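Descriptive structure summary
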Amino acid sequence: MTLKATLLASVLVLSPGALLAADMTIGFSQIGSESGWRAAETTVTRQEAESRGIELKFADAQQKQENQIKAIRGFIAQGVDAILLAPVVATGWDEVLEEAKDAEIPVVLLDRTVDAPEDLYLTAVTSDLVHEGRVAGEWLAKEMAGEDCRIVELQGTTGSSPAIDRKKGFEEGIAGQDNLEIVRSQTGDFTRAQGKVVMESFLKAEGGDTICALYAHNDDMAVGAIQAIKEAGLKPGEDIKIVAIDAVPDAHLAIANGEMNATIELTPNMAGPALDALEAYLANGTEPAKWIQTESKLYTAADDNQAVYEEKKNLGY
Ligand code: AHR
C-alpha cells in the first residue's frame, strides 16, 4: 500500500466520506482577466491548489455570467469535490447553486458576493466591499479639509457586488460633507482601457480644470484615467487627486511618482482561506463561518510605495 493510500485509509476509518486535499478535484469558475488584481488572484489560486496537491479545473468566463453557469454545470457533471466561484454579477445564481447543492458539491464564493440564499453556498471569502469605499471617501474628505471639490467616479462592472458596495461605501464616507460633490459617475468595467475612455469623456464634458478628484472602484481604471489626464495636459495626483482600490503594483508606482494619492489593498489570496475552509469541511464536516473577511489596508504617499512595488511586482499581477 502506498503512503498516500495508507493515509487515506486511516482518515476513512476516522471519518467516513472524509477527503484529503491531495485527493480533491476542485473546479474554479473565474470571471476573466479584466484587471491586474484578477490576474494575481488566478496565479495565487493555482499556486495554493498546487502546493496542497489539489487538482484544479480552471474555467475563464471571459466576463460572461452564462459562461460561468455553463462551467459550474460542467464541474457538477464531472463530479468535482468542490467549486470556487468568483461571480461576475450579484444576481441570477439561485438555480445553478441549487443544482450544486443537490449534487452535494460545496460552493465557495471568492472576492464577490451574490444575492442568493445563504444555504446555497458554503462560505464567501471577500473583503468588506462597503468598508473599502467608505475608507476612500473618508480619505478624500480629510484630504480636502473643507475645500470645495467636484468628484468624478469610475464604477466597476455594472451589477457586480464591488461596484454596488464600493459606490455605497464612498457615498457614506463623504456624507455630510457639503464641499464634496460627485458630478459624474459611470462604469469603466474594471479595465484600464475603459477607465481611460470614460475619463476622457469626463474631462471633455466637465472641463479638466473643474474636476478636483477621481474615485475609481479599482486601480486599473485609475491607471487608465491617469493616462487620459496626462494627455489632457493636467497633472494626475496634483490637479486631480486620485483614490482607488486594489493596491496593485502599478498603483504603488503611481503613488511613488506622485501621480496617484491613495489605494486600498485587496489581497489576491482569497484561495488560501477558501481551501483551508474546504479542506476542513471535506475532511470532517467542519462548517466555516458564512463570511471569511479579508483585510483592507489604506496606502497613501506616507508609505514607502516604491518598496511595496518592488515586493509585489513579480507576484502575478
Ligand atoms: O471583485 C474584486 C474586483 O474585481 C477587483 O477590485 C477588481 O480589480 C476586479 O476586477
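Residues numbered from 1 in each chain as written. Predicted model: local features only at pLDDT ≥ 70, side-chain atom pairs only at ≥ 80, totals over all residues. Heavy atoms only, no water.

The next point concerns the environment of I105. With respect to the secondary-structure elements, I105 resides in the loop between α4 (94-102) and β4 (107-110). With residues up to four places along the chain from it excluded, the contact list for I105 reads I76, V80, D81, A82, I83 and A100. (Helix = DSSP H or I, 4+ residues; strand = E, 2+ residues; numbered from the N terminus. Contact = heavy atoms within 4.5 Å.)

A full pass over the atoms with the stated rule returns one cavity of 30 Å³ or more. Computed from the structure, the largest cavity encloses a volume of approximately 100 Å³. What lines the largest cavity is a set of 13 residues, and nearest its centre among them are W37, R38, R112, R166 and L266. For the lining of the largest cavity, the secondary structure elements donating two or more residues are α2 (36-52) and α6 (161-174). (1 Å grid on protein atoms, 1.4 Å probe; cavity = no way out; pocket = protein on both sides within 12 Å on 5 of 7 lines; lining within 4 Å. Points joined across faces, edges and corners; volume = space filled by probe spheres on them.)

Once that is clear, we can look at the site of the ligand. Taken together, E34, S35, W37, R38, D111, R112, P162, R166, F190, N218, D246 and L266 make up the full set of residues adjacent to the ligand. Side-chain polar atom of D111 to an oxygen atom of the ligand: 2.7 Å apart, as the coordinates give it. Between R112 and the ligand, the recorded distance is 2.8 Å, taken from a side-chain N or O atom to an oxygen atom. Taken by itself the ligand offers 280 Å² of open surface, and the protein chains cover 100% of this. Mapping the ligand onto the cavity grids shows that it belongs to the largest cavity. Every element with two or more residues in the shell around the ligand is listed here: α2 and α6. Tallied by class, residues from the shell around the ligand come to four nonpolar, two polar and six charged. (Near = heavy atom within 4 Å. Polar contact = N/O pair within 3.5 Å; in protein donor to acceptor, adjacent residues only side chain to side chain. Areas by Shrake-Rupley, 256 points an atom, 1.4 Å probe, with all protein chains shown as cover. Sits in = over half its atoms within 2 Å of the grid points. Nonpolar A, V, L, I, M, F, W, Y, C, P; charged D, E, K, R; others polar.)

All right, on to the nonpolar core then. With 49 residues, the main nonpolar core has L84, L110, M199, I240 and M260 as its most contacted residues. In terms of residue count, the dominant contributor to this core is helix α8 (residues 219-231) (six residues). Beyond its immediate stretch of four places on either side in the chain, M260 contacts D219, A222, I226, G237, I242, A244, A251, A254 and I255. Of all hydrophobic cores here, the second largest spans 21 residues; its members include I72, A100, A116 and A124. (Core = buried A, V, L, I, M, F, W, Y, C linked by side-chain atoms within 4.5 Å. Buried < 20%, exposed > 50% of the residue type's maximum accessible area, 1.4 Å probe, protein only.)

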